[in-house]
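# Remarks on the overall topology
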Amino acid sequence: DTAVSQTPKYLVTQMGNDKSIKCEQNLGHDTMYWYKQDSKKFLKIMFSYNNKELIINETVPNRFSPKSPDKAHLNLHINSLELGDSAVYFCASRLVGGTGELFFGEGSRLTVL
Amino acid sequence: GDSVTQMEGPVTLSEEAFLTINCTYTATGYPSLFWYVQYPGEGLQLLLKATKADDKGSNKGFEATYRKETTSFHLEKGSVQVSDSAVYFCALTDTGNQFYFGTGTSLTVIP
């Protein structure tokens, strides 16, 4: 029973292609996030949705487009991939309020050639 | 704004050595504080947390105490094992939607 699941776990693609990563959580959380982790392990927030509404939209190229069809799902679509997009992308979810810790997926490693 | 400053690594220790990873924070309110651990090839997992001043979080032999007077949440373990080799992240959240992470500290424990 995976709490936060991401697919696919690995993506290898050519520059200029388009790719999508899907995320689902079965924890009943109301808020979901996308983070990018670079090769130095630095975590950068990209987007956050609360009950399907975009609430955090950091400075990210508009080639990145999130979509939340319902509060249990948050997908990330990337157009015209560039070499610098190579990273591990993590989905996370939480229940805002209280201690509200984040629960992370296992990550999706994107390699752009 | 809120932020977390974490001790830079990498840190290399011998098995059974004492571990401290420093973490200090800046926050306008009364945040909750966390330590997350990331084992190689995996996502981040919650290691421990503390929600108010003087709380001590503990798990798997690791401890951290929420110190409001020094705005710190240092991670400690009395005797590290090879299996503790991982990247450790300090983090905080306030009452809003943002979660603030430190830059991560890589720990390698050698036998």
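For the structure itself, look to the data block above.
This text gives an overview of the structure that appears in the document. Keep in mind that this is a model prediction, so the values were computed, not measured.

Scoring rules and cut-offs
Residues numbered from 1 in each chain as written. Chains lettered and ligands numbered in written order. Predicted model: local features only at pLDDT ≥ 70, side-chain atom pairs only at ≥ 80, totals over all residues. Heavy atoms only, no water. Helix = DSSP H or I, 4+ residues; strand = E, 2+ residues; numbered from the N terminus. Buried < 20%, exposed > 50% of the residue type's maximum accessible area, 1.4 Å probe, protein only. Contact = heavy atoms within 4.5 Å. Disulfide = S-S within 2.5 Å. Core = buried A, V, L, I, M, F, W, Y, C linked by side-chain atoms within 4.5 Å. Salt bridge = Lys/Arg side-chain N within 4 Å of Asp/Glu carboxyl O. Pairing = 2+ DSSP bridges. Axes fitted to C-alpha atoms, helices over the stretch in contact; angles between N-to-C directions. Buried area = accessible area lost by both parts, 1.4 Å probe. Polar contact = N/O pair within 3.5 Å; in protein donor to acceptor, adjacent residues only side chain to side chain.

## Focus on the overall build of chain B
In terms of regular secondary structure, chain B is built from 0 helices and 12 strands. What you see in chain B, going N to C, is helices and strands ordered as β-β-β-β-β-β-β-β-β-β-β-β. In terms of principal-axis extent, the alpha carbons of chain B reach across some 40 × 25 × 20 Å. For chain B, buried positions account for 45% of its 111 residues. For chain B, long-range pairs separated by at least 24 residues make up 54% of all intrachain contacts whose partners lie at least 6 apart in sequence.

## Describing the state of the cysteines
Overall, the coordinates contain 2 disulfides over all chains when judged by the stated rule. Linked covalently through their sulfurs, C23 of chain A and C91 of chain A form a disulfide whose S-S length is 1.9 Å. Taking the torsion about the sulfur-sulfur bond, which here is approximately -80°, the covalent link between C23 of chain A and C91 of chain A counts as left-handed. Pair noted here: C23 of chain A is in strand β3 (residues 19-25) and C91 of chain A is in strand β9 (residues 87-94), with a separation of 68 residues, a long-range link. In terms of burial, C23 of chain A and C91 of chain A fall into one category: buried. A sulfur-sulfur separation of 1.9 Å characterises the disulfide bridge that pairs C23 of chain B with C90 of chain B.

## Notes on the environment of N59 of chain B
Residues and elements named next belong to chain B. Position of N59 among the secondary structure elements: in strand β7 (residues 56-59). By relative accessible area, N59 is classed as partly exposed at 30%. Along the chain, N59 and H74 lie 15 residues apart, while their C-alpha atoms are 14 Å from each other. Once residues within four sequence positions are removed from consideration, N59 is found in contact with L46, L47 and L48.

## Side note on the nonpolar core
The biggest cluster of nonpolar side chains holds 26 residues, and the ones touching the most others in it are W35, L47, L48, F73, L75 and Y88 of chain B. If you list the elements that add at least two residues to this core, you get β2 (11-14), β3 (19-21), β4 (23-26), β5 (32-38), β6 (44-50), β8 (62-65), β10 (86-93) and β12 (105-110) of chain B. Looking at this core, the element that brings in the most residues is β10 of chain B, giving 4 residues. In terms of nonpolar packing, the next biggest core, distinct from the first, is built from 20 residues, L11, C23, M46 and F64 of chain A among them.

## Things to note about the pattern of salt bridges
All names here are of chain A. Scanning the entire structure with this criterion turns up 7 salt bridges over all chains. Of the charged contacts in the structure, one is a salt bridge between D85 and R63, with a shortest N-O distance of 2.8 Å. Of this pair, D85 sits in the loop between β8 (73-78) and β9 while R63 sits in the loop between β6 (53-57) and β7 (64-70), placing them 22 residues apart in sequence. Both residues of the pair, D85 and R63, count as buried.

## Here's the deal with the pairing of β3 of chain A
All names here are of chain A. Here strand β1 (residues 4-7) runs beside β3; their pairing, made up of 4 bridges, is antiparallel. Among the inter-strand pairings, V4 is bridged to a residue of β3, identified as Q25. Summarising the sheet, β3 and β8 pair through 4 bridges and their orientation is antiparallel. Looking at β8, one finds that I21 is bridged to L76.

## So, the sheet that holds β7 of chain A
Residue and element names in this part refer to chain A. With antiparallel pairing, 4 strands are arranged side by side in an open sheet as β1-β3-β8-β7. What marks the edges here is a single partner per strand, and that holds for β1 and β7. Across the sheet, the mean angle from the axis of one strand to that of its neighbour is 15°, orientation sign disregarded.

## Describing the interface of chain A and chain B
With 22 residues of chain A at the interface, the matching set in chain B holds 21 residues. A combined buried area of about 1700 Å² lies between chain A and chain B, and 57% of that area is made up of carbon and sulfur atoms. At the boundary of chain A and chain B, one finds 1 salt bridge. Between E101 of chain A and K49 of chain B there is a salt bridge, with the nearest N and O atoms lying 3.1 Å from each other. At the junction of chain A with chain B, the criterion picks out 4 residue pairs in polar contact (both at pLDDT 80 or more).

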